[in-house]
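# Analysis of the macromolecular model
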Amino acid sequence: MNQKKSMNPIPLSLRDKKRYLVFELISEQTLFERDVSFDLKNLLLKLFGELGLSKMNYQFIGFDEKSRKGILKCRHTAVEDLKAGILLLKEVNGVKILPRTLKTSGTVKKAKTFL
Amino acid sequence: MKDFVLYSKAFELNELAKTEKQLGNNEVVLCRNFSEKELTDLKETIKKENFPVNFFTCHLLYNQNSKELNKFKNKTEFIGVFGGNVSINKFAVSNKQIDFLISPCNEGRLTFDTAIARTAKENKTEILIPFSQFLNVQFSKRVVLTKNYVFMLKLSNKFKLNSRVVSFAKEVNELRSVKDLEAFKSFLDKKFESVR
């Protein structure tokens, strides 16, 4: 008997509208991607909780250690909340930082041009 | 839009100006309970050196002192009151000479009610929420602080007050971009049901 092996594609009208947020961490010392990802996720988890963070569709895309800029992904309705969350980040692995959001983009390709 | 900073002698104006420019803030208000000499020296320094941002001064009152208010009303560009309890908040909004009420709420009981909001509307007092208060408070108390400010913003929207979030930084690491602080205000403004 033929068994269904793959999912039907989700129709465009039901797909989540995502946004890619480019942020910068101003600091004098080097920051590592895994530390930024860990500390940021912990902070957002404390602020929004598991349910809130899952509803935001939060995802850490990447962080460039040279330019100290990174990209986050979230639902289009959660952009302002994510910006507010990033502002509360004071330090990463003990290093004091100054967070700032740069741009919001609809595609990751355009977001990468701001790195 | 202006950013507000709690100025102290530990702040180096050059470093402050450079960081504020990096964050995209072009106007900075230096708030402090100035003495006359400090204010004169600061104004001279601002005039002499060519900073990349525009600096303004704001005399900050920590108690209900009308004499001090009259003394400084024409010497600084702004006059602000650091709130936190009902009586000081009421003093700040009742006086037309006071431009700003900074930090009306704290991590304890609510200190901002409809009477204060109504009076603030009549006297056109602007309410400033210091972001550094959220950064420096303990996590468990931040919950209560956020709740108090959410309620304060509810009243502010009902009575159509001018209110905004400012950095009110005591050190360079507490500075934030004014545009990002607007996002923080809209985050506080949102009703919790809107997180779908």
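So, here is what we can say about the structure in this document. For clarity, every value in this text was computed on a predicted model and none was experimentally measured.

Helix and strand counts for chain A come out as three helices and six strands. In chain A, the succession of α and β elements from N to C terminus is β-α-β-β-α-β-β-β-α. Taken along the three principal axes of its C-alpha coordinates, chain A extends 60 × 30 × 30 Å. Across the 115 residues in chain A, those meeting the buried criterion constitute 30%.

Looking now at the interface of chain B and chain A. Of the residues lining the interface, 17 residues belong to chain B; the matching set on chain A comes to 15 residues. At the level of secondary structure, the elements contributing two or more residues to the side of chain B that touches chain A comprise helix H6 (131-136) and helix H8 (178-189) of chain B. Among the elements that line the side of chain B that touches chain A, the one with the most residues is H8 of chain B, at five residues. Tallied by class, the residues present in the side of chain B that touches chain A amount to 10 nonpolar, four polar and three charged.

Attention shifts here to the sheet that holds strand S1 (residues 18-26) of chain A. Residue and element names in this part refer to chain A. Strands sit in the order S2-S3-S1-S6 across an open sheet of four strands; the sheet is antiparallel. This sheet does not close on itself; its edge strands, each paired only once, are strand S2 (59-64) and strand S6 (98-105). Put simply, the sheet's adjacent strands are angled 25° from each other on average, direction ignored. Its contacts with the sheet place helix H1 (residues 33-56) against S1, S2 and strand S3 (69-75), and it is angled at close to 160° to S2.

The next thing to look at is helix H1 (residues 13-22) of chain B. Residues and elements named next belong to chain B. Those residues of H1 lying buried are Leu 16, Ala 17 and Glu 20. Buried residues of H1, viewed axially, fall in a sector of 95°; they line one side. Exposed positions of H1 whose direction lies more than 90 degrees from the buried face are Asn 14 and Glu 15. Looking at the buried residues of H1, the elements they touch are strand S1 (2-6) and strand S2 (27-32). The positive-phi residue at the C-terminal boundary of H1 is Gly 24, with phi of around 90°.

All names here are of chain B. At their nearest, the axes of helix H4 (residues 86-94) and helix H5 (residues 114-123) sit 8 Å apart, and the two run at 25° to each other. Here H4 is positioned roughly parallel relative to H5, judged by the angle of their axes. Crossing geometry of H4 relative to H5 is assigned as left-handed. Each of Asn 89, Lys 90, Val 93 and Ser 94 in H4 lies in contact with H5, whose residues at this interface are Ile 116, Thr 119, Ala 120 and Asn 123.

Most peptide bonds are trans, and most residues other than glycine sit at a negative phi. All names here are of chain A. The backbone phi angle of Arg 68 is positive, close to 60°, even though this residue is not glycine. Take Arg 68: there are 18 C-beta atoms within 10 Å of it, and that puts it in the partly exposed class. Despite not being glycine, Asn 93 has its phi angle at roughly 55°, a positive value.

What follows concerns the sheet that holds strand S7 (residues 163-166) of chain B. Adjacent strands of a sheet form backbone hydrogen bonds with each other and so pair up, either parallel or antiparallel. All names here are of chain B. Read across the sheet, seven strands follow the order S1-S2-S3-S4-S5-S6-S7 without closing on themselves; strand pairing throughout is parallel. Among the strands making up the open sheet, the edge pair consists of S1 and S7. Neighbour-to-neighbour, the strand axes of this sheet turn through a mean angle of 30°, independent of strand direction. Note that S1 and S2 share five bridges and pair parallel. The residue bridging Phe 4 from the neighbouring strand is Val 29, located in S2. Against the sheet, H8 touches S1 and S7, its axis set at about 125° to S7.

To continue, consider the nonpolar core. Core analysis: the biggest nonpolar cluster contains 75 residues, and Val 5, Cys 31 and Leu 101 of chain B have the highest contact counts within it. Looking at which element gives the most residues to this core, the answer is H1 of chain A, with six residues. Once residues within four sequence positions are removed from consideration, Val 5 of chain B is found in contact with Leu 16, Val 28, Val 29, Leu 30, Cys 31, Ser 167, Phe 168 and Ala 169 of chain B.

Looking now at helix H2 (residues 36-48) of chain B. In this model, H2 of chain B (13 residues) spans 18 Å end to end at C-alpha, consistent with the 18 Å of a helix rising 1.5 Å per residue. Little of H2 of chain B is tucked away: zero of the 13 residues are buried.

About the criteria used
Residues numbered from 1 in each chain as written. Chains lettered and ligands numbered in written order. Predicted model: local features only at pLDDT ≥ 70, side-chain atom pairs only at ≥ 80, totals over all residues. Helix = DSSP H or I, 4+ residues; strand = E, 2+ residues; numbered from the N terminus. Buried ≥ 20, exposed ≤ 12 C-beta atoms within 10 Å, placed from the backbone. Contact = placed C-beta atoms within 7 Å. Nonpolar A, V, L, I, M, F, W, Y, C, P; charged D, E, K, R; others polar. Pairing = 2+ DSSP bridges. Axes fitted to C-alpha atoms, helices over the stretch in contact; angles between N-to-C directions. Arc of directions from axis to C-beta. Parallel < 35°, antiparallel > 145°, perpendicular 65-115°, else oblique. Left-handed = near helix turned anticlockwise from the far one by under 90°. Core = buried A, V, L, I, M, F, W, Y, C linked by C-beta atoms within 7 Å. Expected span 1.5 Å × (residues − 1).

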